Amino acid sequence: MKMGNIFGRKRRTRVTEQDRAVLQLKQQRDKLKQYQKRITLQLEKERNLAKQLLKDGKKEKALLLLKKKRYQDQLLDKTENQISNLERMCQDIEFAQIEMKVIEGLKVGNDCLKSLHEAMSIEDVERIMDETQEAIEYQREIDEMLAGSLTQEDEDAILAELEAITQGDLDLPEVPDESLPEVPETAEEEPEPGQERPRKKQEREMLAV
């Protein structure tokens, strides 16, 4: 197997019967438009030719040419109607494909909802709600028990403190205006009786020597 075949292989797309039908309708429409364009150019030429025939005095030929032109005008009208029908058919098929995809999406969503409902039934939801309500009531009982551990005196003290904080009337001790008394300096300690000061004892020892 060649490397070019591996990397150069195009990914195949899934073509449905509806896609083929739309493609054929559009191809037919394009062919009719090409025919319409060719006839329009031909009619313009025949109209100019009819004018020239009238100038040349060939009224019968000009009249015959105009009758032919009238017939081709009717063919153009039919062609225009066919083109409109083909375009409408293409739009209907494409819209039907969109509707089919929407229905498939709704079906997938419905199946997903069913699986979710099967995973959690109404009984499970009711049980979870009951357990949640019980947990809330249990927590409320605990809060009430904790709140009931305070005495009436404690409650009154808390309310009084809250009111004092709110009003800013807390009683703080006043700072005295008078200066503080001076602290006396510590006097040199006197030796106990029978004990001499170290300096005098040293002098006496030097004189004895």
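Residues numbered from 1 in each chain as written. Predicted model: local features only at pLDDT ≥ 70, side-chain atom pairs only at ≥ 80, totals over all residues. Heavy atoms only, no water.

1. Looking at the nonpolar core
Counting seven residues, the largest nonpolar core is built from V22, L25, L32, I83, L86, C90 and I93. With four residues, helix α3 (residues 59-119) is the largest single contributor of residues to this core. When near neighbours in sequence (up to four residues on either side) are disregarded, V22 contacts C90, I93 and E94. (Core = buried A, V, L, I, M, F, W, Y, C linked by side-chain atoms within 4.5 Å. Buried < 20%, exposed > 50% of the residue type's maximum accessible area, 1.4 Å probe, protein only. Helix = DSSP H or I, 4+ residues; strand = E, 2+ residues; numbered from the N terminus. Contact = heavy atoms within 4.5 Å.)

2. So, a negative patch on the surface
A cluster of acidic residues, E123, E126, D130, E134, E137, E141, D143 and E144, forms a negative patch at the surface. Relative to the assigned elements, D130 resides in helix α4 (residues 122-148). (Patch = residues over 30% accessible without salt bridge, like charges linked within 9 Å, V, L, I, M, F, W, Y side chains within 5 Å. Areas by Shrake-Rupley, 256 points an atom, 1.4 Å probe, with all protein chains shown as cover. Salt bridge = Lys/Arg side-chain N within 4 Å of Asp/Glu carboxyl O. Lys, Arg positive; Asp, Glu negative; His and termini not counted. Charge placed at Lys NZ, Arg CZ, Asp CG, Glu CD.)

3. Observations concerning the UniProt feature "coiled-coil region" (unreviewed entry) in the protein
Summarizing the sequence annotation, UniProt attributes the feature "coiled-coil region" (unreviewed entry) to residues 18-45 in the numbering used throughout. Summarising residues 18-45: 100% helix, 0% strand, and an end-to-end C-alpha distance of 41 Å. (UniProt positions renumbered as here; feature names shortened; annotations may be inferred.)

4. Quick word on the confidence of the model for the protein
Across the protein, the average pLDDT comes to 76, with 72% of residues at or above 70. Looking over the protein, one finds the lowest element-wise mean pLDDT in helix α1 (residues 3-8), namely 50, and the highest in α3, namely 87. (pLDDT = per-residue confidence, 0-100.)

5. Notes on the layout of surface pockets
The calculated volume of the largest pocket comes to roughly 210 Å³. As for the largest pocket, its lining consists of R14, T16, Q18, D19, A96, Q97, M100, K101 and E104. At the level of secondary structure, the elements contributing two or more residues to the lining of the largest pocket comprise α2 (17-55) and α3. Examining the composition of the lining of the largest pocket, we find that five residues originate from one element, α3, more than from any other. A class-by-class count of the residues in the lining of the largest pocket yields two nonpolar, three polar and four charged. (1 Å grid on protein atoms, 1.4 Å probe; cavity = no way out; pocket = protein on both sides within 12 Å on 5 of 7 lines; lining within 4 Å. Points joined across faces, edges and corners; volume = space filled by probe spheres on them. Nonpolar A, V, L, I, M, F, W, Y, C, P; charged D, E, K, R; others polar.)

6. Considering the packing of α2 against α3
Running from N to C, α2 and α3 point in directions that differ by 160°, and their axes come no closer than 8 Å. It follows that α2 is roughly antiparallel to α3 by the angle criterion. Between α2 and α3 lies a crossing of left-handed hand. Here the contact of α2 with α3 is built from residues that sort into 21 nonpolar, nine polar and 14 charged. (Axes fitted to C-alpha atoms, helices over the stretch in contact; angles between N-to-C directions. Parallel < 35°, antiparallel > 145°, perpendicular 65-115°, else oblique. Left-handed = near helix turned anticlockwise from the far one by under 90°.)

7. Side note on the pattern of salt bridges
Scanning the model with the defined rule gives eight salt bridges in all. The shortest N-O distance in the salt bridge between E17 and R20 comes to 3.1 Å. Of this pair, E17 and R20 both sit in helix α2, three residues apart, which is roughly one turn of that helix. E46 is paired through a salt bridge with K68; the nearest N and O atoms lie 3.6 Å apart. Of this pair, E46 sits in helix α2 while K68 sits in helix α3; the two residues are 22 residues apart in sequence, bridging distant segments of the chain. Using a relative accessible area of 8% as the deciding quantity, one classes E46 as buried. K68 sits in the partly exposed class, given a relative accessible area of 42%.

8. Quick look at the side chain of Q72
Inspection of the secondary structure puts Q72 in helix α3. A relative accessible area of 8% places Q72 in the buried class. Filtering out sequence-adjacent residues up to four positions away, Q72 remains in contact with I39, Q42, L43 and E46.

9. What about α3?
Taking 1.5 Å per residue as the helical rise, α3 with its 61 residues ought to reach 90 Å, and the 90 Å between its terminal C-alpha atoms agrees with that figure. Turning to α3, its buried residues are A62, L65, K69, Q72, L76, T79, I83, L86, C90 and I93. Considering only its buried residues, α3 is in contact with α2. (Expected span 1.5 Å × (residues − 1).)

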